Amino acid sequence: MTVGNGDTGTGGAMTLTAGESTAGDGGALMLTAGESMAAAVSSTGGAVTVTAGAGAGTTTGKGGAVSISAGVGAKGVGGAVTVSSGVGTATSSGAVLIETSNAGTTGVSGNMLLKTGDTPAGATGSYTVTTGNAAGGLAGAITMTVGSGDT
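Residues numbered from 1 in each chain as written. Predicted model: local features only at pLDDT ≥ 70, side-chain atom pairs only at ≥ 80, totals over all residues. Heavy atoms only, no water.

Chemist: Explain the overall build of the protein chain to me, and be specific about the residues and the numbers.
Modeler: The helix and strand tally for the protein chain stands at zero helices and zero strands. Its C-alpha atoms give the protein chain a radius of gyration of 22 Å, more than 25% over the compact-globule value 15 Å for 151 residues. Considering only C-alpha atoms, the protein chain reaches an extent of 60 × 60 × 55 Å along its principal axes. Residue burial in the protein chain is summarised as follows: out of 151 residues, 0% are buried. In the protein chain, the share of contacts with a sequence separation of at least 24, taken over all contacts with a separation of at least 6, comes to 0%. (Helix = DSSP H or I, 4+ residues; strand = E, 2+ residues; numbered from the N terminus. Rg over C-alpha atoms; globule rule 2.2 N^0.38 Å. Buried < 20%, exposed > 50% of the residue type's maximum accessible area, 1.4 Å probe, protein only. Contact = heavy atoms within 4.5 Å.)

Chemist: Residue-level account of the pattern of salt bridges, with values.
Modeler: Where charged atoms from two side chains of opposite charge come close, those side chains can pair. Here the structure, examined in full by the defined rule, presents one salt bridge. Where Asp118 meets Lys115, a salt bridge forms, and the shortest distance between an N and an O atom there is 3.5 Å. Using a relative accessible area of 55% as the deciding quantity, one classes Lys115 as exposed. (Salt bridge = Lys/Arg side-chain N within 4 Å of Asp/Glu carboxyl O.)

As structure tokens, then:
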């Protein structure tokens, strides 16, 4: 699916929306890459990539943002956000990497914030960092390292 380019203005926008319901749950939206069914020794399933657009202004060409948000719960709990790596049924599971990119020739690399939300009444959410259990080896380590600087 492709939308048009903009020669004298903004490029075409695209919206993909699942259906609303006044009598039940809203429609789900699933985006799934292709599964490899090849019998080859090394075949890989299709990747899913979400990339915001690049900015090209002469002074402040900012790149587009990527936002992932769960749904609002009008009378119940809001939706959850889960990021998980793939299971390796015969070997290791996939890695999860969350990082900011390197800065350009001037500027700083992006900040990173992990935070629970505020509440007007009651307790805030907890924050837990843990490694998994190992049945036949060592459990993983937790390491925090501060980078080096020259000033």
